[in-house]
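Topology and contacts: notes
So the chains spell out like this:
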Amino acid sequence: MLYRGMYDCLLSQAVFSLSGKVIAMEGTPKNRIMDEDGIRRAISRISHEIVEKNKGTDKLVLIGIRTRGVPLAERIKKRIAEFENVQLPIGLLDITLYRDDLSTIDVQPVIHETKVPFSIEGKTVILVDDVLFTGRTARAALDALIDLGRPQKIQLAVLIDRGHRELPIRADYVGKNVPTSSREIISVCLEETDGTEEVLLLEKS
Amino acid sequence: MKWKRKDLLDLENLTAEEIKHILHTAIPMKEILGRPIKKLPTLRGKSVVLLFYESSTRTRTSFENAAKILGADTTNFSVAQSSVNKGESLLDTAKTLQAMNVDLVIVRHSSSGSAEFLADILNAGVINGGDGQHAHPTQALLDYFTIQDHLGGFEGKKVVIVGDILHSRVARSNVVGLKKLGAEVTLVGPPTLLPPEMKYLGVKISHHLDQELPGADAVMALRLQLERQQSGLFPSIREYSKLYGLNKERIKLTGKDTIVMHPGPMNRGVEIASDLADSVQSVIEEQVTNGVAVRMALIYLLIGGGTVNVVD
């Protein structure tokens, strides 16, 4: 299922995984898992599920994990604003300083700012990320969040759950479950960060 | 870009890109300083030794704070209680530290070049916390961070540094980096403290403060080392203050919302008047906060793992 333009998405991002492997673009595209409509519908459903599960929007705050969790969180905020008519507070989290592999990786990640301009004390925090894989990013994000205050609940929303967890972590809201092999790479491309809108499955080369 | 440095000794061999990378990394660090819980797990298990042969409160405390917030353990090796008093050489002290497998040594010493000497011997990283009259790179970096924060950048900005330039490692380090970042620097001081041969720094030098102030975006007063008066480098403190001291009236000559900086500790009423030091134009306290942020950034960059490449 190769098509023109697939490489636009790939070239726009150099990926490396939390488990320390540099996967800078060494994959060959195998499959397109989601297109623009697919992503939009998944976000829409997640937004509804968040409101349904929490019985409204009381105490809800959204926090996106850099980089691609941030535009996803913004979309969820926008969607919820459309059907619930409330503007949820939104923050963004950089988890670099909480990674458990800093001393073992060759590459040093650039640290970006964490911006949570509100108190998360007693709130229900919806953490948003693009892909749930080993669970190590989510683990780091939980630590980072707890350093900012004591939320009442933390829930996790991801666009793709690809399996292969290394920690006891699960997502509360999943856009799509994609069973993968460890030889495969999931590449999420969003308009805001990559200029295209799709999710690709790549084979490591 | 690549961040491959083990040490930070001076700003001479850093590129503008590297300086900007340090400043960029300090932005998220500053956010952490504003949190109720200022503690990260990032450098857990790393050991940082503060080796201070010269007295220092602000620099040492700032480094110690920075390392602790990042989760590292710090050990103070202050000369008063150490074996240096028993005559141990810097080389032997270095070997001792090496044997203890420390990860980072922050050194202040009265001899220029001592930080580099240590860096050559040690496997651990070395940060120069001020060596003789040579360099004080972290003070310069925190000054850049403050300037960037207030002025938005460096290109074409006019920075005036006034005071005892001759003996000031702060001024020397500042000039080196500010030039690389594209700022326009003017050094001002009496001829005895700013002799003509200081032109080697490649910036404008002047002995008349009032002539240089118009158009200045940032003015930095240096601490007047009062012991210099005894050695006859200027006639009296009162005269110095009259000619080179900053005050509220004088700063109006810039015709701008100029920021006023001072590396501390201040001699109030000598190089800077109290009314100015406590005014809204003064960023002196911010400089202290920014110092911790910048030092956190540096410590992270030097021993935070991953020295082959930097990936965004």
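These numbers come from a predicted model, not from an experiment.

Regarding the overall build of chain B
Of the regular secondary structure elements, chain B holds twelve helices and ten strands. For a compact globule of 312 residues, the expected C-alpha radius of gyration is about 20 Å, and chain B comes in at 19 Å, within 12% of that figure. Structurally, chain B occupies a C-alpha span of about 55 × 45 × 35 Å along its principal axes. Sequence-distant contacts in chain B: of pairs separated by 6 or more residues, those separated by 24 or more amount to 73%. Of the roughly 12700 Å² that chain B leaves accessible, carbon and sulfur atoms contribute 50%. Charge separation in chain B, taken as the distance between the mean sites of 35 positive and 34 negative side-chain charges, equals 2 Å.

Observations concerning the domain arrangement of chain B
All names here are of chain B. Annotation of chain B at the domain level lists domain 1 (16–135 + 289–303) and domain 2 (137–283). Spacing between the C-alpha centres of domain 1 and domain 2 amounts to 26 Å. Counting residues at the interface gives 26 residues for domain 1 and 22 residues for domain 2. Summing both sides of the interface, domain 1 and domain 2 together bury roughly 1900 Å²; the carbon and sulfur share of this comes to 64%. Summed over the three residues of domain 1 that lose the most area to domain 2, namely Ile-19, Leu-23 and Gln-133, the buried surface amounts to 29% of that side.

Observations concerning the environment of B:Lys180
All names here are of chain B. Relative to the helices and strands, Lys-180 is located in helix 6 (residues 169–181). Given the relative accessible area of 30%, Lys-180 is considered partly exposed. Here the alpha-carbon distance between Lys-180 and Glu-155, two residues 25 residues apart in the chain, equals 9.8 Å. If sequence neighbours within four positions are ignored, Lys-180 has contacts with Leu-11, Glu-12, Asn-13, Leu-14, Ala-16 and Ile-19.

Considering unusual backbone geometry
Of the consecutive residues A:Arg66 and A:Thr67, the connecting peptide bond is found in the cis state with omega at 5°. Within the secondary structure, A:Thr67 sits in the loop between strand 4 (60–65) and helix 3 (69–84). Omega for the peptide link from B:Gly264 to B:Pro265 comes to -10°, which places this bond in the cis form. Inspection of the secondary structure puts B:Pro265 in the loop between strand 9 (259–261) and helix 11 (274–277). The residue A:Lys59 is not glycine, and still its phi comes out positive at about 65°. Here A:Lys59 is to be found in the loop between helix 2 (36–53) and strand 4. If you check the backbone angles, A:His164 has positive phi at about 65° while not being a glycine. If you trace the backbone, A:His164 turns up in the loop between strand 8 (153–161) and strand 9 (173–177). Accessibility expressed as a relative area gives 35% for A:His164, which makes it partly exposed.

Overview of the layout of surface pockets
Residue and element names in this part refer to chain B. Empty space within the second largest pocket amounts to approximately 570 Å³. Taken together, 23 residues make up the lining of the second largest pocket; nearest its centre are Arg-108, Arg-169, Arg-223, Gly-264 and Pro-265. Of all the secondary-structure elements, those providing two or more residues to the lining of the second largest pocket are helix 2 (58–69) and helix 6. Residues that form the lining of the second largest pocket fall into these classes: four nonpolar, 13 polar and six charged. The two domains that each donate at least three residues to the lining of the second largest pocket are domain 1 (16–135 + 289–303) and domain 2 (137–283).

Some points on the sheet that holds strand 2 (residues 73–78) of chain B
All names here are of chain B. In spatial order, the strands read 2-1-3-4; together these four strands make up an open sheet with parallel pairing. Because the sheet does not close on itself, it has two edges, and the strands there are strand 2 and strand 4 (125–131). Strand-to-strand twist in this sheet, taken as the mean axis angle between neighbours without regard to direction, amounts to 15°. Along the sheet, helix 3 (residues 90–99) makes contact with strand 1 (47–52), strand 2 and strand 3 (104–109), crossing strand 1 at roughly 165°.

A closer look at the pairing of strand 1 of chain B
Residues and elements named next belong to chain B. Counting buried positions over the six residues of strand 1 gives five, a clear majority of the element. The sheet contact formed by strand 1 and strand 2 spans six bridges and is parallel. Among the inter-strand pairings, Ser-47 is bridged to a residue of strand 2, identified as Asp-73. Between strand 1 and its parallel partner strand 2, the chain crosses via helix 2, and the hand of that crossover is right-handed. As defined by bridge partners, strand 1 adjoins strand 3 across five bridges and the pair is classed as parallel. Paired with Val-49 across the strands is Val-105, a residue of strand 3.

Observations concerning the side chain of A:Arg75
Here A:Arg75 is to be found in helix 3. Not counting chain neighbours up to four residues away, the residues in contact with A:Arg75 comprise A:Ile39, A:Ile43, A:Leu190, A:Glu191, A:Glu192 and A:Glu197.

Quick word on the packing of helix 5 (residues 137–151) of chain B against helix 6 of chain B
All names here are of chain B. Helix 6 packs onto helix 5 with a crossing angle of 50° between their chain directions and a minimal axis gap of 8 Å. By the angle between their directions, the pair helix 5 and helix 6 is classed as oblique. Of the two elements, helix 5 crosses helix 6, and the hand of that crossing is right-handed. Of the residues in helix 6, those touching helix 5 at Pro-137, Gln-139, Ala-140, Asp-143, Tyr-144 and Ile-147 are Val-170, Ser-173, Asn-174, Gly-177, Leu-178 and Leu-181. Here the residues of the contact of helix 5 with helix 6 are counted per class, giving seven nonpolar, four polar and one charged.

Quick notes on empty space enclosed by the protein
Using the criterion set out here, one finds three cavities of 30 Å³ or more in the structure. In terms of lining residues, the largest cavity is bounded by 13 residues, among which B:Arg58, B:Gln139, B:Leu142, B:Gln287 and B:Val288 are the most central. For the lining of the largest cavity, the secondary structure elements donating two or more residues are helix 2, helix 5 and helix 12 (284–303) of chain B. The element contributing the most residues to the lining of the largest cavity is helix 12 of chain B, with five residues. Residues belonging to the lining of the largest cavity are distributed by class as follows: four nonpolar, seven polar and two charged. Space inside the second largest cavity adds up to approximately 70 Å³. If you trace the second largest cavity, you find it lined by A:Asp94, A:Thr96, A:Leu97, A:Tyr98, A:Ile111, A:His112, A:Thr114, B:Pro28, B:Glu31, B:Ile32, B:Arg35 and B:Leu40.

Rules used in this analysis
- Residues numbered from 1 in each chain as written.
- Chains lettered and ligands numbered in written order.
- Predicted model: local features only at pLDDT ≥ 70, side-chain atom pairs only at ≥ 80, totals over all residues.
- Heavy atoms only, no water.
- Helix = DSSP H or I, 4+ residues; strand = E, 2+ residues; numbered from the N terminus.
- Rg over C-alpha atoms; globule rule 2.2 N^0.38 Å.
- Contact = heavy atoms within 4.5 Å.
- Areas by Shrake-Rupley, 256 points an atom, 1.4 Å probe, with all protein chains shown as cover.
- Lys, Arg positive; Asp, Glu negative; His and termini not counted.
- Charge placed at Lys NZ, Arg CZ, Asp CG, Glu CD.
- Domains from an automatic or database assignment.
- Buried area = accessible area lost by both parts, 1.4 Å probe.
- Buried < 20%, exposed > 50% of the residue type's maximum accessible area, 1.4 Å probe, protein only.
- 1 Å grid on protein atoms, 1.4 Å probe; cavity = no way out; pocket = protein on both sides within 12 Å on 5 of 7 lines; lining within 4 Å.
- Points joined across faces, edges and corners; volume = space filled by probe spheres on them.
- Nonpolar A, V, L, I, M, F, W, Y, C, P; charged D, E, K, R; others polar.
- Pairing = 2+ DSSP bridges.
- Axes fitted to C-alpha atoms, helices over the stretch in contact; angles between N-to-C directions.
- Right-handed = clockwise from strand over helix to strand, strands pointing away.
- Parallel < 35°, antiparallel > 145°, perpendicular 65-115°, else oblique.
- Left-handed = near helix turned anticlockwise from the far one by under 90°.

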